[in-house]
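Examining the three-dimensional arrangement
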Amino acid sequence: MSELPGGPGALFAIGGAEDKLKKRTVLQEFVEAAGGPKARIVVVPTASALGPDVIDVYRALFAALGAESVVGVRPENREDADDPAFIAPLNDATGVFMTGGNQLKLAGVVTGTAFGRAVTAAHARGAAVGGTSAGASILAEHMIAFGRSGATPRQRMSQLSNGLGLVQGAIVDQHFAQRNRYGRLLSLVAQSPGLLGIGVDEDTAAVFRGSHLEVVGRGAVTIFDGSRITSNGHYAGRSEPLLASGVVLHVLPATATFDLQNRVLLSFGKQPPATELAEMQAAEADLRKLAKEIAAEGVSPKYYADRKKRAGRRTSKKSATAIGAGESRPEATEPITAGADAENPLLPDRTQPEV
């Protein structure tokens, strides 16, 4: 059994319809998290209604992206999911990928079986575990089994089922913006305010590493935080609109990082290399120091620069005569000091207002 360093692996909740032809950003990130050229990936197409073709597609994709090996394992019922022959490939996997399809079927076959426990064990030892569409929803402890689309949250709009529990304290929905699933996710948050609602767009992944969520791909990840919600979920009638006031909304594009524990945005945008960041910080410190020095003079930076240029021109014109007559004049490069002669051309004109 292969042991991967660094504790639990990354979790990839992909919103479905991930790019398989061009950049393949999301799938490439999954392969890298699974070990890159040493990745041994098990594809689980249990949710899919397609035949062996779905395994062939992902085998070709992951191989083209550099994975060492890709095998398909398809338990069709709970008896299969408790069969050691189906479980054995998971014991040496560095990545487990669950395809899309019927969410309720996937939950009914995998959760609470030896196969589901083997997926959890693979993640605990460092394997990357991910899924697209239905395979994304099952990562959470509570998964959406089915439900209606729509922007308005309504009572009994969706149904929950047990998931694998790899993502704690959250509900994950997929095809989020494309299938207008705002209402159904918000309805679940209104009924269970302690859970974060996480909606993932197509060709996008919410990547969970410890208590942080990172966004990869073309779309966005939408988060509903209902920890301070006011709702009528406990008495609203069937199919009635739900009150959901005080929900905190986060819409996170690619590169955004979110703290799941404290429920706050951590960063967004590409971060510069460490050396470049150090240079930027040093330059910023120099600018702050210069600004303080200029402010102490009581003049604006522009006025200071203009006066220095004019003083330099006057000094150049008078230098020959002044030196010949034994006159002593300050050079243009001499610093301005308090108490200098009132005729010093580098001092601000007293008739000019201070800034």
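Refer to the structure above for everything that follows.
Residues numbered from 1 in each chain as written. Predicted model: local features only at pLDDT ≥ 70, side-chain atom pairs only at ≥ 80, totals over all residues. Heavy atoms only, no water.

1. Brief notes about the overall build of the protein chain
Our working rule: By the criteria applied, helices consist of DSSP H or I runs no shorter than four residues and strands consist of E runs no shorter than two, each listed in order from the N terminus. Per-residue accessibility, obtained with a 1.4 Å probe over protein chains only, is compared with the maximum for each type, and a residue is labelled buried under 20%, exposed over 50%, and partly exposed between these values. When checking whether two residues touch, look at their non-hydrogen atoms; a contact exists if any pair is within 4.5 Å. Only the protein chains shown count as cover for residues, with accessible areas throughout obtained via the Shrake-Rupley method and a probe of 1.4 Å.
Counting its secondary structure elements, the protein chain contains 10 helices and 17 strands. Within the protein chain, the fraction of its 355 residues that count as buried is 46%. Restricting to contacts in the protein chain with at least 6 residues of sequence separation, those with at least 24 account for 72%. Accessible surface, the protein chain as shown: approximately 18,200 Å² in total, 54% of it carbon and sulfur.

2. A few points about the pattern of salt bridges
Cut-off, in case you're wondering: Salt bridge, as used here, is a side-chain nitrogen of Lys or Arg placed within 4 Å of a carboxyl oxygen of Asp or Glu.
Applying the stated criterion to the full structure yields 10 salt bridges. Where D56 meets R59, a salt bridge forms, and the shortest distance between an N and an O atom there is 3.0 Å. With a gap of 3 residues between them, D56 and R59 both fall in helix α2 (residues 53-64), about one helical turn apart. The partly exposed category is assigned to D56, whose relative accessible area is 41%. Linked by salt bridges that have partners in common, R74, E76 and K105 make up one network.

3. Quick notes on a positive patch on the surface
Rules: Residues form patches when they are more than 30% accessible in relative terms and have no salt bridge. Like charges link within 9 Å. Nonpolar side chains (Val, Leu, Ile, Met, Phe, Trp, Tyr) link within 5 Å. Positive charges come from Lys and Arg alone, negative charges from Asp and Glu alone, with His and the N- and C-terminal ends not counted. Lysine's charge is taken at NZ, arginine's at CZ, aspartate's at CG and glutamate's at CD.
Taken together, the side chains of R148, R154, R156 and R238 present a region of like positive charge at the surface. Within the fold, R148 resides in the loop between β6 (142-147) and β7 (158-162). Judged by relative accessible area, which is 38%, R148 ranks as partly exposed.

4. Topic: the environment of G101
Position of G101 relative to the elements: it lies in the loop between β4 (95-98) and α5 (103-110). Excluding residues that lie within four positions of it along the chain, G101 makes contacts with A47, S48 and A134.

5. Observations concerning the nonpolar core
To be explicit about the condition: We define a nonpolar core as any set of buried Ala, Val, Leu, Ile, Met, Phe, Trp, Tyr and Cys residues linked to one another through side-chain atoms lying within 4.5 Å.
F115, I198, F208 and L213 are the most contacted members of the largest nonpolar core, which totals 47 residues. Per element, the largest residue contribution to this core is 5 residues, and it comes from helix α6 (residues 114-124). With near-sequence residues (within four places) excluded, F115 lies in contact with V44, V73, P75, A81, F86, I87, L90 and V110. One finds L27, A34, I41 and V216 within the second-largest nonpolar core, a separate group that totals 24 residues.

6. With respect to the sheet that holds strand β16 (residues 257-259)
Let me state the cut-off plainly: Pairing between strands is defined by DSSP: at least two bridges between them are needed. In this analysis an axis means a line fitted to C-alpha atoms, helices contributing only their contacting stretch, and an angle means the value between N-to-C directions, from 0 to 180 degrees.
Strand order in the open sheet formed by 9 strands is β3-β2-β4-β5-β1-β10-β11-β16-β17, and the pairing between neighbours is mixed. The open sheet has two edge strands, β3 (69-72) and β17 (264-267), and neither has a second partner. Adjacent strand axes in the sheet meet at a mean angle of 20° when their direction is disregarded. Sheet analysis places strand β10 (residues 204-209) next to strand β11 (residues 212-217), joined by 6 bridges and oriented antiparallel.

7. Quick look at the pairing of strand β8 (residues 170-174)
Stated formally: If you view a crossover with the strands going away from you and the path from the first strand over the helix to the second runs clockwise, you call it right-handed.
Most of β8 is tucked away, with 5 of its 5 residues classed as buried. Neither face of β8 is left uncovered, since the one carrying A170, V172 and Q174 and the one carrying I171 and D173 both have all their residues buried. Crossover handedness for the path β8 to helix α8 (residues 182-191) to strand β9 (residues 196-200): right-handed.

8. Things to note about the packing of aromatic side chains
Convention followed: A pair of Phe, Tyr and Trp rings is counted when the ring centres sit within 6.5 Å of each other, with Trp represented by its six-membered ring. The angle between the planes then sorts it: under 30 degrees is stacked, over 60 is edge-to-face, the rest tilted.
All chains considered together, the criterion is met by 8 aromatic pairs. Aromatic side chains F176 and F224 sit 6.3 Å apart centroid to centroid with 65° between the ring planes, which places their arrangement in the edge-to-face category. Placement of the pair is F176 in the loop between β8 and α8 and F224 in strand β12 (residues 220-225), with a sequence separation of 48 residues. F224 shares its class with F176; the two are buried. Feature note: the residues F12, F30, Y58, F62 and F97 constitute an aromatic cluster, connected by ring pairs.

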